[in-house]
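Observations on chain architecture
Residues per chain, in single letters:
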Amino acid sequence: QVQLVESGGGLVQAGGSLRLSCAASGRTFRNLAMGWFRQAPGKEREFVAFITWNGLTTYSDSVKGRFTISRDDAKNTAYLQMNNLKPEDTAVYYCAASRTVLGSIRSSAYDSWGQGTQVTVSS
């Protein structure tokens, strides 16, 4: 019911930065919880960050202090600012939206998913 499109992935050297964007359409954005997840080769999808409709944020321990999730309701867009990137951050990053929870670290809580964008961090 919500269409999500990620962008901003790419190749970056360790220590560099990227900003991912997630553009939403098809549903009122301001009432959605937005999350970012990632999946590396051979690993399960893991939680990265979420932001509630009113701007409260939660991060995984692995990215805390380096990544920042934000949202711009006027643009129907969520962002993930990724600083001091490490090779272990290499993964496909997915944006997700939920109508039913305030915010969640669980993939199953989200109703809609983007197609993913590749982030590769070189050594």
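Please refer to the structure higher up on the page.
Below is a summary of the structure that appears in this document. (Residues numbered from 1 in each chain as written. Predicted model: local features only at pLDDT ≥ 70, side-chain atom pairs only at ≥ 80, totals over all residues. Heavy atoms only, no water.)

**Topic: the sheet that holds strand β8 (residues 77-82)**
Read across the open sheet, the four strands follow the order β1-β3-β8-β7; overall the sheet is antiparallel. Of all strands in the sheet, those with a lone pairing partner are β1 (3-7) and β7 (67-72), marking the two edges. Across the sheet, the mean angle from the axis of one strand to that of its neighbour is 15°, orientation sign disregarded. Both strand β3 (residues 18-25) and β8 contribute to a ladder of six bridges, which runs antiparallel. Within β8, the residue paired with R19 across the bridge is Q81. (Pairing = 2+ DSSP bridges. Helix = DSSP H or I, 4+ residues; strand = E, 2+ residues; numbered from the N terminus. Axes fitted to C-alpha atoms, helices over the stretch in contact; angles between N-to-C directions.)

**Observations regarding the environment of R66**
Mapped onto the fold, R66 is located in the loop between β6 (57-59) and β7. You can call R66 buried: its relative accessible area is 9%. In the structure, R66 is positioned 20 residues away from K86 in sequence and 10.0 Å away in space, judged by C-alpha atoms. With sequence-adjacent residues up to four places away left out, R66 is seen in contact with Q81, M82, N83, N84, L85, K86 and D89. Among the polar contacts listed, one links the side chain of R66 to the backbone oxygen of N84, at a separation of 3.0 Å. (Buried < 20%, exposed > 50% of the residue type's maximum accessible area, 1.4 Å probe, protein only. Contact = heavy atoms within 4.5 Å. Polar contact = N/O pair within 3.5 Å; in protein donor to acceptor, adjacent residues only side chain to side chain.)

**What to know about unusual backbone geometry**
You will see that N76, though not glycine, has its phi angle at about 50°, which is positive. In this structure, N76 sits in the loop between β7 and β8. Although it is not a glycine, N84 adopts a positive phi angle of roughly 50°. Topologically, N84 is positioned in the loop between β8 and β9 (91-98).

**Here's the deal with the nonpolar core**
One recurring pattern in soluble globular proteins: nonpolar side chains tend to sit buried together. Formed by 29 residues in total, the largest nonpolar core has its most connected members in M34, W36, L80 and Y93. Only β3, β4 (33-39), β5 (46-51), β7, β8, β9 and β11 (117-122) provide two or more residues apiece to this core. When sequence neighbours within four positions are dropped, the list of residues in contact with L80 reads L18, R19, L20, W36, V48, A49, F67, T68, I69 and Y93. In terms of nonpolar packing, the next biggest core, distinct from the first, is built from six residues, F47, F50, A96 and A109 among them. (Core = buried A, V, L, I, M, F, W, Y, C linked by side-chain atoms within 4.5 Å.)

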